[in-house]
Amino acid sequence: MTRAMGAAMRRIHVGNALSAFGLGFTVPYLYVYVAQVRDLGAMTAGLVLAVFAVAALIVLPFAGRAIVRRGPLPVLLAALGTAALGALSLGLAGGSTTVLLSAAALGAGQAVMQPALATMIVDCSTADTRSRSFAMQFFLQNLGLGVGGLIGGHLVDTTRVSSFTLLFAIEAAMFLLLVVVMATVRMPHSPRIEDAPAGSARGGWKQLLGNRAMVQLSVLGFVLFFACYGQFESGLSAYGVEAAGISTSALGTALAANTLMIVVAQFAVLRFVERRRRSRVIAGVGLIWAVAWLTAGYAGLGHGSQEMATAAFVSTYALFGLGEAMLSPTVAPLVADLAPEGMAGQYNSAFALVKQLALAVGPAVGGPMGASLHAPYVVTFLLFSLGITWLALRLGRRLTAAQDQPWAAAAKSRVVARGAAEPVTVEA
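Residues numbered from 1 in each chain as written. Predicted model: local features only at pLDDT ≥ 70, side-chain atom pairs only at ≥ 80, totals over all residues. Heavy atoms only, no water.

### As for the overall build of the protein chain
Counting its regular elements, the protein chain contains 18 helices and zero strands. Across the 428 residues that make up the protein chain, the buried fraction comes to 53%. Here the contacts in the protein chain between residues at least 6 apart in sequence split such that 86% fall between residues at least 24 apart. Total accessible area on the protein chain stands at roughly 18,500 Å², and carbon and sulfur atoms take up 66% of it. (Helix = DSSP H or I, 4+ residues; strand = E, 2+ residues; numbered from the N terminus. Buried < 20%, exposed > 50% of the residue type's maximum accessible area, 1.4 Å probe, protein only. Contact = heavy atoms within 4.5 Å. Areas by Shrake-Rupley, 256 points an atom, 1.4 Å probe, with all protein chains shown as cover.)

What follows is the structure, given as structure tokens:
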């Protein structure tokens, strides 16, 4: 990594932390704000959450093309401005229409930030440093969300609208501060993995869909987000309350255990996974999550004490966190390394679109099942976790050595380079 790439990467990481910190102030309290504080009712609050997903699904197909044509930095700055406007107007909105329009702006801005920042990480990293860079991004995102949520929880007061207005103003300020931080970034261009498929930005979605490995990874990504992230605050929490009798305080402890596991284990896990095949790491995550669902099954369907059920439920969230820590330096770099030259923005946006689809479908399916069909719910997502393992091993057969084992390919290139550089001596 060059000095210019390192300087740009530091600003990108600061940007990730600031955006997550800002989101942490408002995300946990959005439903309460709309339904109770603004007194707009549960229906409007539910529509606000749906608008976030719909806005993301609308803008992401266009975001990839914009990143390819304009570069990730201009797209990121536009997304930040849109998100700041949406956050500030949401804090001031008093009617249903204004709230929904503000949520649409905030949701669209947030959605576009993800592929733009991911593409900037790709452009400022090499095959050797990419996994560590994405691991740092995930670490800072979780740390920022946790710290922002903690501070926001102490500032918020459901009896005072002004306290929520302050939260949304802080979120908007974080986005605008990030505009200032990122506006002067000089984006270098990173070298590509030699075995990546060739192509140009003009291929668009047709070229992406013709990349069989990327299609398989997208299917795998949908299952990953559907079976884990899509259940955290919907099906799994409903299952914990209804089947395991988990209290709201214990549910908060479980969510904290998930974040703590990620923060504590991220770089220890990184040293383990960065020297192993990416496909096998993802397959291992499927097995870990299968154990997590078995543990959840014990919590809700076993006959132990309430203390044992609570401990098992908290352990479930911690096991999910361990799997997330393994995925962060694995999946996002793999998306980047599958992309042809100049197409990283398109591929990152496509994968973000898959994630949003899974996060929209996951709660719709898992919520009702977790609340009422306890045993089928656990069995269904246990099978999805085992499906992750199968899909990952199947994907591994389609990846090149450089895509599945970038560290080995890089080491081989260095050996070849050193061998070519050695002077040849001829004996007299």
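Moving on from the coordinates now.
### Quick notes on a nonpolar patch on the surface
On the surface, a cluster of nonpolar side chains totalling about 350 Å² of accessible area is made up of Leu 143, Val 147, Ile 151, Leu 155 and Leu 166. Ranked by the residues each element gives to the nonpolar patch, the list is headed by helix α6 (residues 130-155), at four residues. Along the chain, Leu 166 turns up in helix α7 (residues 161-183). (Patch = residues over 30% accessible without salt bridge, like charges linked within 9 Å, V, L, I, M, F, W, Y side chains within 5 Å. Salt bridge = Lys/Arg side-chain N within 4 Å of Asp/Glu carboxyl O.)

### Thoughts on empty space enclosed by the protein
Counting across every chain of the model gives one cavity of 30 Å³ or more. Taken as a whole, the largest cavity holds about 60 Å³ of empty space. Forming the boundary of the largest cavity are ten residues, of which Ser 131, Val 273, Glu 274, Arg 276 and Arg 278 lie nearest the centre. Contributions of two or more residues to the lining of the largest cavity are made by α12 (278-301) and α18 (406-421). (1 Å grid on protein atoms, 1.4 Å probe; cavity = no way out; pocket = protein on both sides within 12 Å on 5 of 7 lines; lining within 4 Å. Points joined across faces, edges and corners; volume = space filled by probe spheres on them.)

### Focus on the nonpolar core
In terms of nonpolar packing, the biggest core is built from 63 residues, with Leu 217, Leu 220, Leu 236, Trp 289 and Phe 313 touching the most fellow members. Contributing elements (two or more residues each) for this core: α9 (212-227), α10 (235-242), α11 (248-273), α12, α13 (306-327), α14 (331-338), α15 (344-372) and α16 (374-396). By residue number, the principal contributor to this core is α12, which donates eleven residues. Here Phe 313 is in contact with Leu 236, Ser 237, Tyr 239, Gly 240, Ile 246, Leu 251, Ala 254 and Ala 299, once residues within four sequence places are set aside. Of all hydrophobic cores here, the second largest spans 55 residues; its members include Ala 45, Ala 93, Ile 121 and Phe 175. (Core = buried A, V, L, I, M, F, W, Y, C linked by side-chain atoms within 4.5 Å.)

### Digging into a positive patch on the surface
On the surface, Arg 212, Arg 394, Arg 397 and Arg 398 cluster together to form a positively charged patch. Within the secondary structure layout, Arg 398 lies in the loop between α16 and α17 (401-404). Classification of Arg 398 by relative accessible area gives partly exposed; the value is 39%. (Lys, Arg positive; Asp, Glu negative; His and termini not counted. Charge placed at Lys NZ, Arg CZ, Asp CG, Glu CD.)

### A few points about the packing of helix α3 (residues 41-70) against α15
Between two packed helices, both the angle of their axes relative to each other and the distance between the axes serve to describe the pair. Direction vectors running N to C along α3 and α15 enclose 170 degrees, while the axes themselves pass 7 Å from each other. Accordingly, the angle class assigned to the pair α3 and α15 is roughly antiparallel. Residue-level contacts link Ala 53, Ala 56, Leu 57, Leu 60, Pro 61, Ala 63, Gly 64, Arg 65, Ile 67 and Val 68 of α3 to Gly 345, Gln 346, Ser 349, Ala 352, Leu 353, Gln 356, Leu 357 and Ala 360 of α15. Looking at the contact of α3 with α15 residue by residue, the classes come out as twelve nonpolar, five polar and one charged. (Axes fitted to C-alpha atoms, helices over the stretch in contact; angles between N-to-C directions. Parallel < 35°, antiparallel > 145°, perpendicular 65-115°, else oblique. Nonpolar A, V, L, I, M, F, W, Y, C, P; charged D, E, K, R; others polar.)

### Thoughts on the confidence of the model for the protein chain
Summing up the model confidence of the protein chain, the mean pLDDT is 82 and the portion of residues at 70 or higher is 89%. The element-level mean pLDDT for the protein chain is lowest in α18, coming to 56, with α16 highest at 93. Counting interchain partners and residues more than four positions distant, the pLDDT-below-50 stretch residues 190-202 has 37 contacts. Note on residues 424-428: pLDDT is under 50 here. Beyond four places in sequence and across chains, it has zero contacts. (pLDDT = per-residue confidence, 0-100.)

### So, the packing of aromatic side chains
A complete count under the given rule lists 16 aromatic pairs for this structure. Each ring, one from Tyr 33 and one from Phe 168, has its centre 4.9 Å from the other, and the planes form 50 degrees; the classification is tilted. Taken together, the residues Tyr 33 in helix α2 (residues 30-37) and Phe 168 in helix α7 connect sequence positions 135 residues apart. Here the two residues Tyr 33 and Phe 168 agree in accessibility, since each one is buried. A ring pair is formed by Phe 225 and Tyr 229, whose centres lie 5.2 Å apart and whose planes are at 45 degrees; its orientation type is tilted. A relative accessible area of 23% places Tyr 229 in the partly exposed class. (Phe/Tyr/Trp six-rings, centres within 6.5 Å; stacked < 30°, edge-to-face > 60°.)

### Some details on the pattern of salt bridges
For the structure on display, the rule yields three salt bridges. Of the charged contacts, one joins Arg 277 and Asp 404 as a salt bridge, the two residues approaching to 3.6 Å between their closest N and O atoms. In this pair, Arg 277 is assigned in the loop between α11 and α12 and Asp 404 in helix α17, connecting sequence segments 127 residues apart. Taking relative accessible area as the criterion, Arg 277 reaches 31% and is therefore assigned partly exposed. Put simply, Arg 278 and Asp 337 hold a salt bridge, and the shortest N to O gap is 2.9 Å.

### Topic: unusual backbone geometry
Phi is positive for Asp 39, close to 55 degrees, though the residue is something other than glycine. If you trace the backbone, Asp 39 turns up in the loop between α2 and α3. Look at Asp 39 and you get exposed, because its relative accessible area is 64%.

### What to know about the packing of α3 against helix α5 (residues 96-123)
For the pair α3 and α5, interaxial distance at closest approach is 7 Å and the crossing angle is 40 degrees. Taken together, the axes of α3 and α5 lie oblique to each other. For the crossing formed where α3 meets α5, the hand is right-handed. Of the residues assigned to the contact of α3 with α5, the class counts are 20 nonpolar, five polar and no charged. (Left-handed = near helix turned anticlockwise from the far one by under 90°.)

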